[in-house]
Amino acid sequence: MVVLAKPAALEQIALLRTPEAWESFSGVPAVDLSGPGAAADVVRACERYGFFSVVNHGVPAGMVDRLEAEAVRFFASSQADKDASGPADPFGYGSKRIGRNGDMGWVEYLLLAIERDALSKASPAPTSALRDAINDYVGAMRGLARTVLEMVAEGLGVSPRGALADMVTGDAASDQVFRVNHYPPCPLLQGLPPNCSVTGFGEHTDPQLVSILHSNGTPGLQVALHDGRWVSVPPNRDAFFVNVGDSLQVLTNGRLRSVRHRVVAGNGLKSRVSMIYFGGPPLAQRIAPLPQLLAGTQSLPLYRDFTWGEYKKAAYRSRLGDNRLAPFEAPPVATPHADRHRS
Ligand SMILES: C=C1C[C@]23C[C@@]1(O)CC[C@H]2[C@@]12CCC[C@@](C)(C(=O)O1)[C@H]2[C@@H]3C(=O)O
Ligand SMILES: O=C(O)CCC(=O)C(=O)O
């Protein structure tokens, strides 16, 4: 990645030149959730990439289209109307500023909290049409998150099958967040080399167990492969994309790895719109490698115990690109052979 001199209006937003990453990656695993062997496919994809697309998911296209259309309507409204739903701290409309610690991107967004299966009172949606569309959509995402987490448990041999899914959808107090992002084309890139792009959403891993993303047909999402290479994910309106989050990495003692991802905004003509459901557990939930996954193996726990509340507090003090799990790694064990068992 090369960081370039940039127009003043882009202020603190990083400009990137990433020719290699612009090539579409054809290797994103597509899991047919209704197919035989889906659980094994989910686990394989989560081990290899921490990322996969879901097809045959059963979510009606009309439900997705309706939310996307309401989101587009909202982002097209006047700046004053949008600002009336802000700031995004803790929840609401935000523009360019991401989180509290100085991260910036070429993006505007709605960041909303979900309580049980609907928008929380802390997140009043700008219009009732948008609120209704979000509530329907989030219901479907909770179902999808449940199915995916059940398949992870089944594929890893964890019982009961609902052990992971219940952390996110089985408890009224679970910590779910919903985000709608709008990345307008960046006119300030005109006149710069064609392979230049601007950071839409900086690289990061998601703190929760899983995130489920849908986007319109405009590219921009890139994921880091385990060898560190960045690749572009071809958009697919008919699919959902699942990210493994840091908490699932810990629960599986690093067998499933959270995926680093980012969004780059180009100087094309079309906006990117994405909608992401983040499935987190209740604040009091203990996050630690599942004893069932350690039993009978030589593996030591790679992480110390913590609660989701502790992790979340630390995460929200971090910068987007930080490795948020580093402070939670287990201290090295003082035996001569211990390292051999940490894989
Ligand atoms: C810079 C930040 C934004 C973020 C909170 C954080 O301090 C670090 C994690 C970020 C992230 C990434 C996934 C979605 C999100 C809502 C979350 O739970 O953690 C965002 C936070 C945010 O946008 O506020
Ligand atoms: O917009 C996207 O495609 C992904 C955005 C993202 O990673 C996020 O909002 O956490």
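What you see is a predicted model; the values in this text were computed from it and never measured.

Caption draft 1: Spotlight on the site of ligand 2. What surrounds ligand 2 is the set Arg 179, Asn 181, Tyr 183, Phe 201, His 204, Leu 213, His 261, Val 263, Arg 272, Ser 274, Ile 276 and Phe 278. Between ligand 2 and His 204, the relevant distance is 3.1 Å, taken from an oxygen atom to a side-chain nitrogen or oxygen of the residue. Side-chain polar atom of Arg 272 to an oxygen atom of ligand 2: 2.6 Å apart, as the coordinates give it. Notes on ligand 2: free accessible area 300 Å², of which the protein chains cover 98%. Assessed atom by atom at 2 Å from the grid points, ligand 2 resides in the largest pocket. Secondary structure elements with two or more residues in the shell around ligand 2: β8 (176-183), β9 (196-204), β14 (261-265) and β15 (272-279). When residues in the shell around ligand 2 are grouped by element, the largest group, four residues, is from β15. For the shell around ligand 2, a count of residues per class yields six nonpolar, four polar and two charged.

Caption draft 2: View of the site of ligand 1. Around ligand 1, the structure places 16 residues, and the nearest of them are Arg 179, Gln 208, Ala 315, Tyr 316 and Ser 318. In this structure, Arg 179 approaches ligand 1 through a side-chain N or O atom, which is 2.5 Å from an oxygen atom. Against a free-state accessible area of 460 Å², the protein chains account for coverage of 98% of ligand 1. More than half of the atoms of ligand 1 fall within 2 Å of the grid points belonging to the largest pocket. Classifying every residue of the shell around ligand 1 by side-chain character gives seven nonpolar, five polar and four charged.

Cut-offs and rules
- Residues numbered from 1 in each chain as written.
- Chains lettered and ligands numbered in written order.
- Predicted model: local features only at pLDDT ≥ 70, side-chain atom pairs only at ≥ 80, totals over all residues.
- Heavy atoms only, no water.
- Near = heavy atom within 4 Å.
- Polar contact = N/O pair within 3.5 Å; in protein donor to acceptor, adjacent residues only side chain to side chain.
- Areas by Shrake-Rupley, 256 points an atom, 1.4 Å probe, with all protein chains shown as cover.
- 1 Å grid on protein atoms, 1.4 Å probe; cavity = no way out; pocket = protein on both sides within 12 Å on 5 of 7 lines; lining within 4 Å.
- Sits in = over half its atoms within 2 Å of the grid points.
- Helix = DSSP H or I, 4+ residues; strand = E, 2+ residues; numbered from the N terminus.
- Nonpolar A, V, L, I, M, F, W, Y, C, P; charged D, E, K, R; others polar.

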